[in-house]
Structure formats: C-alpha cells, structure tokens
Amino acid sequence: MGNLCACFSRKQVRKKAPSKRITNPSQSQVASSSNRWTRIRSNRKDKFEESLIHDQALAAALLFQQHQNGFDRSASLRFPPAHGSKRQSLPRSSSSRSRSLTDPLLQPHQLVNQDVKLDDLETNHFVLVHGGGFGAWCWYKSISLLEEGGFKVTAMDLTGSGIHSFDSNGITSLSQYVKPLTDFLEKLGDGEKVILVGHDFGGACISYVMESFPHKVSKAVFVAAAMLTSGQSTLDMFSLQADSTDLLRQAQILVYANGNNCPPTAIDLDKSLLKDLLFNQSPGKDVALASVSMRPMPFAPVLEKLSLTDANYGSVRRFYIQTLEDHAIHVALQESMINSSPPERVFRLKGADHSPFFSKPQGLHKLLIEISKIP
C-alpha cells in the first residue's frame, strides 16, 4: 500500500518566476539580434556554397580524367588479340564504388560519350538481340544510355518472345524464331550497316543472320552469348558445361505441349532459381521485372546446328564480352567458345552476372561504345 500511495502522493509544484517582457525593445537590441541571425544565415550560406564548389570541382576533375584516359576501365578489363601489340597497363579507378545510374553528379553519357564523334563511325546503329526467354524489355537500360549518347538503337522481340503474340511452343526452326530480325535486316537501305549485339541464345541468332546478311553487319558483339562453330548447336555448346549438379539443369523445365510421348516444345525456367542462375549480381527490381516478363523459349531452335562459312559469317568482325560472375554460361565455357572460334577482341566485365544489362549497365555501355569506335 505504501508504494501505491506514493504513486498518488501530491508533488510539490515549483512556481515559475514571472517572465520579463520587453515591451519596447531598444534599437540597439534589435540590431544586435538581426546581426546575429545574419551571421548564422551567412555561415550556412558559406558552408553550402563551399560544398557546392567542392562537388563542382570533383565533377570537373573526374571529367578531365575521363577525357585524358579515353574511358574508365574500372568496371572491365580488355584483352587485345594475341597477334597485336604488347599489352598495356590499364588505368584503374581509385574508387571501389560503382557509380549509380541515378548519380546526380555525373551521368553515364557525360563520362563515356565526351569524345565520340558519331559522324566518324562506320555506323551508329545498334541492334540488340535478347537471349532465350528474354525480350526486348531486358535492354531498357542499354537503350536509354545509348540513345542519350546520340546512337540509334533497335531492340526487337523475336518470335514468341516478349510481347510477340506467337506461342513459343509452335516454333519449329531457328529461321522462324529469328524472322523479326531477318525481316528488319532485309528492309535496311543499300549500304546501311548495323552493329549486332547478341546475348545468351541471341548469340546463335546473330550468327545465323551474319551468314545471311554479312554485308549489312558492321560488327557483331557476343555478350555472355553462344558463339558457335559451323555444325554446332546451342545444345551441343551447353553440353560441354552441364553436369548432374549444374544449376542450369536444375532450373530447366521442359514443356511438352504436344504430349509427353512427343519431343519437348519449349524450355521454361524455375522461377525460384532465376536469381541464382541469371541475376545473382542484379538489382532486386530487375529480378522482379524478369520474373514476370520471361517466357518459355522454343526447344527446336536450340537443337538446330548452324551452317557457317568463312565467306559470309567469317567476314564479319566479331567481339566477345565475358561476364565473370556468370552462373548460366560459366567463364570456362566462355573461354572454350573463344578458343574454338577466336574473335577480334575479348573484353572481360568484372562483377557481371549472366545479365550485364542489369548488373553492370554502365560497364556494358562503355564496352559497346569502345567497340563502336574501333576502326
């Protein structure tokens, strides 16, 4: 009871001293108060201006360094061809943080496109070809960056992909699958050329059209892509890597639209394994986008063996971009394809998973720009 009573015991209330009011402040008091607030505001303004000047100086220094070095290779390493000049040391950034796409200080096009003269290029038109299960939607970051730099960009949905209305289960050949791409190339004007960029199974697709339209392709860029030899299929290529514990095999779901007694018609992927397989370094919002946008890829084109000739396919300049954190096409398999059919140059993109347009969009952009500038 004692404690209970103590809780309700009357507390002493300290009387406040009456406040002093200045009914008519003197002019000196007003001036002193005004000066004090003026000094505070002035100090705040000085600090803000000093911070702004610091940011502007940092921006100018970074731009100057980019202009001096040509292009920042902190996100990638380049390997020149073995029969070329001696390998040179590559400048590296002192920062360990990759610059954000939304960085208000410097936008990507400010860093990369400063010395690009579009009129001096053989072509400024990129054609982006998605991989199996993807669609044109996957290139949205690359499209934005390239267009900001003044480049022309075309990204299309192959048959049964993205928002293309055809059912992927009904695709029976590679030619049918790549028809939107072949139709596009057929309509190009005389003398007009493009830079083809193929990702994943898109590598086999651009190889197919390189054989048919070599005079319309200035350069071909394989990004973590199937770069096959004549007589080889994409399935042959993947069989060099796959084993019983391979994540790709675990994620694959074969679709039998014509019944279980007939061959598979498409390949789908287990949504629960998408991040580990394709997007292990990518932002969560891009993984979410892919999880609701990816479609089954047709099975028949994966089985089709390519017929490639030196006169056509071999006449197009090829470049390969390796992705070093790739869980779908391992670096060892990428090396195997490069050794079997050496391209003109090989680039390595550090920190990139199988989808560098998500995980390393600026690094990929820089490499595409550099490839476009190679004479």
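In case you missed it, the structure is sitting above this.
Sequence order as written defines residue numbering, which begins from 1 separately in each chain. A pLDDT threshold of at least 70 governs which residues receive local features in this predicted model, and a stricter bar of 80 or more applies before side-chain atom pairs are shown or counted, although totals over entire chains, interfaces and linings include all residues. Side-chain measures here rest on the full set of heavy atoms in the structure, leaving out hydrogens and waters.

**Examining the sheet that holds strand S8 (residues 297–298)**
- Note on pairing: DSSP must find at least two bridges between two strands before they are called paired. Helical segments are the DSSP runs of H or I of at least four residues, strand segments are the runs of E of at least two, and each set is numbered from the N terminus. The antiparallel open sheet is built from three strands, whose spatial order is S6-S7-S8. One side of each edge strand has no neighbouring strand; the edge strands of this open sheet are strand S6 (252–255) and S8.
- When S6 meets strand S7 (residues 266–269), the two strands line up antiparallel, connected through four bridges. Bridge pairing links Ile253 to Asp268 in S7.

**Observations regarding unusual backbone geometry**
- Phi is positive for Asp200, close to 60 degrees, though the residue is something other than glycine.
- At Ala224, a position not held by glycine, the phi torsion is positive, near 45 degrees.
- In this fold, Ala224 is placed in the loop between strand S5 (217–223) and helix H8 (234–239).
- Burial here depends on accessible area, computed with a 1.4 Å probe over protein chains only, as a share of the maximum for the residue type. Under 20% is buried, over 50% is exposed, and the range in between is partly exposed. Given the relative accessible area of 0%, Ala224 is considered buried.

**A short note on helix H11 (residues 284–293)**
- Listed in full, the buried residues belonging to H11 are Asp286, Val287, Ala290 and Ser293. Projected down its long axis, H11 carries its buried residues within an arc of 140 degrees, all on one side. Exposed and facing more than 90 degrees away from the buried side of H11 are Gly284, Lys285 and Val292.
- Buried residues along H11 sit in contact with helix H4 (140–148), helix H10 (274–278) and helix H14 (356–359). By arc we mean the arc of the directions from the helix axis to the C-beta atoms, nothing more. Contacts were defined at the residue level, with two residues in contact if any of their heavy atoms lie within 4.5 Å.

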